[in-house]
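Listed below are the residues making up each chain.
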Amino acid sequence: MNPTALMIMLLSLAIGTTMTLMSHHWLLAWIGLEINTLAIIPLMTKTPHPRAIEAATKYFLTQASASALILFSATMNAWKTGEWSITLLSDPYTITLSMALMMKLGLAPLHFWLPEVIQGIPLSTGLILSTWQKIAPMTLLLQISHLTDLKLLITMGLTSILIGGWGGINQTQLRKVMAFSSIGHLGWMVLILKFNPQLTLFNFLLYITMTAAMFFSLMSLSSTKISEISSSWPKSPILVTTMMLVLLSLAGLPPLTGFSPKLLIILELAKQNTLLLASVTMLTSLLALFFYLRLTYVMILTLPPHIPPSSTHWRTTKNSPLTATMTTLALLIFPLSPTFLLII
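These figures come from a predicted structure and were not determined experimentally.

With respect to the overall build of the protein
And step 1. The secondary structure content of the protein amounts to 16 helices and zero strands.
And step 2. A compact globule built from 344 residues should have a C-alpha radius of gyration of about 20 Å, and the protein, at 20 Å, falls within 12% of that.
And step 3. Summarising its shape, the C-alpha atoms of the protein cover approximately 75 × 50 × 35 Å along the three principal directions.
And step 4. The buried share among the 344 residues of the protein stands at 53%.
And step 5. A fraction of 78% describes how many contacts in the protein between residues 6 or more apart in sequence connect residues 24 or more apart.
And step 6. Taken as a whole, the protein presents about 15100 Å² of accessible surface, with 72% of it coming from carbon and sulfur.
And step 7. Between the averaged position of the 17 positive side-chain charges in the protein and that of its 8 negative side-chain charges there is a distance of 13 Å.

Printed below as a string of structure tokens:
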């Protein structure tokens, strides 16, 4: 892609998200979401492949439908209340706006577009779609969290955790695995949204850190399939080792970063006397743990001395400082969790 066009698209992404973050008005928030949607589509189709065109079309149709629902609900709410304020919503429109924002995020059962879209686009665009593109809808959802129906959030959260774990079990494509991982993590965030929005924000920040670290590692190795990362050890032993640890962090195993939000969410659910909900959440998250461990196991099987010397490659993989920084954060933030929570 032309560097000038790329710069314009990335600048538009930044402007769209910033506009939504700064707005108190539904119309301005909607404009920011639309700028975001339109800015990422050229990045999806920068490699003119039928799969990329299909992914961009699916993404555009889904996001356009959600945006239309947001605009319609906000307009009807303004007609009824006389206010465009984000925090002033009347009862029937809160549910439709919440559902539209969850559709933009890719929460189950409105998740069907997400795995197919991420599978059809490059890893760099998949990184933007999995992290940056979720900031604006999640911010709006946080702002209306006190008005959202608790039963809706719990249902969507549990469904997303279940689908995120179940859908990722049988995948061989790493981009689809990351898509279902995203669905599962968003389920944890939505589950606790009504009880403790600050904890949702904390979880969201750590999710962005861990997902970015994983995508940067995959981009460094140029791997999109499980079979490709299984032969990556000779190219970059250190990167493969840290990638295994990032996978375990995404799974939520102690003492890595990913354990912190899961522990705090379960404790918060216990404080709210919803022990059954906490138990069901932990049991459904075991499905996601299985496919993370499966990926780690595939990588462990290829460590020396399991591979013959003849298959050794020259170590030409270059690790960028950004990859190193994000990986370090994705592994070592757990001891600093109380500090971050106090800041939030």
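Side note on the domain arrangement of the protein
A common measure of how large an interface is: the accessible area buried when the components associate.
And step 1. When cut into domains, the protein gives domain 1 (1-124) and domain 2 (149-343).
And step 2. For domain 1 and domain 2, the distance between their C-alpha centroids amounts to 24 Å.
And step 3. In this assembly, 20 residues from domain 1 lie in contact with 21 residues from domain 2.
And step 4. Summed over both sides, the interface of domain 1 with domain 2 buries roughly 1800 Å², with 79% coming from carbon and sulfur.
And step 5. It is Leu-107, Gln-119 and Leu-123 that lose the most area in domain 1 upon contact with domain 2, and together they represent 36% of the buried surface on that side.
And step 6. At the surface where domain 1 touches domain 2, the tally comes to one salt bridge.
And step 7. Close ionic contact of Glu-116 with Lys-176 constitutes a salt bridge, the shortest N to O distance being 3.3 Å.
And step 8. Applying the counting rule to domain 1 against domain 2 returns five residue pairs in polar contact (both at pLDDT 80 or more).
And step 9. Contributions of two or more residues to the side of domain 1 that touches domain 2 are made by helix H4 (91-105), helix H5 (113-119) and helix H6 (123-130).
And step 10. Taken together, the residues of the side of domain 1 that touches domain 2 sort by class into 14 nonpolar, five polar and one charged.

Reading guide: rules and limits
Residues numbered from 1 in each chain as written. Predicted model: local features only at pLDDT ≥ 70, side-chain atom pairs only at ≥ 80, totals over all residues. Heavy atoms only, no water. Helix = DSSP H or I, 4+ residues; strand = E, 2+ residues; numbered from the N terminus. Rg over C-alpha atoms; globule rule 2.2 N^0.38 Å. Buried < 20%, exposed > 50% of the residue type's maximum accessible area, 1.4 Å probe, protein only. Contact = heavy atoms within 4.5 Å. Areas by Shrake-Rupley, 256 points an atom, 1.4 Å probe, with all protein chains shown as cover. Lys, Arg positive; Asp, Glu negative; His and termini not counted. Charge placed at Lys NZ, Arg CZ, Asp CG, Glu CD. Domains from an automatic or database assignment. Buried area = accessible area lost by both parts, 1.4 Å probe. Salt bridge = Lys/Arg side-chain N within 4 Å of Asp/Glu carboxyl O. Polar contact = N/O pair within 3.5 Å; in protein donor to acceptor, adjacent residues only side chain to side chain. Nonpolar A, V, L, I, M, F, W, Y, C, P; charged D, E, K, R; others polar.

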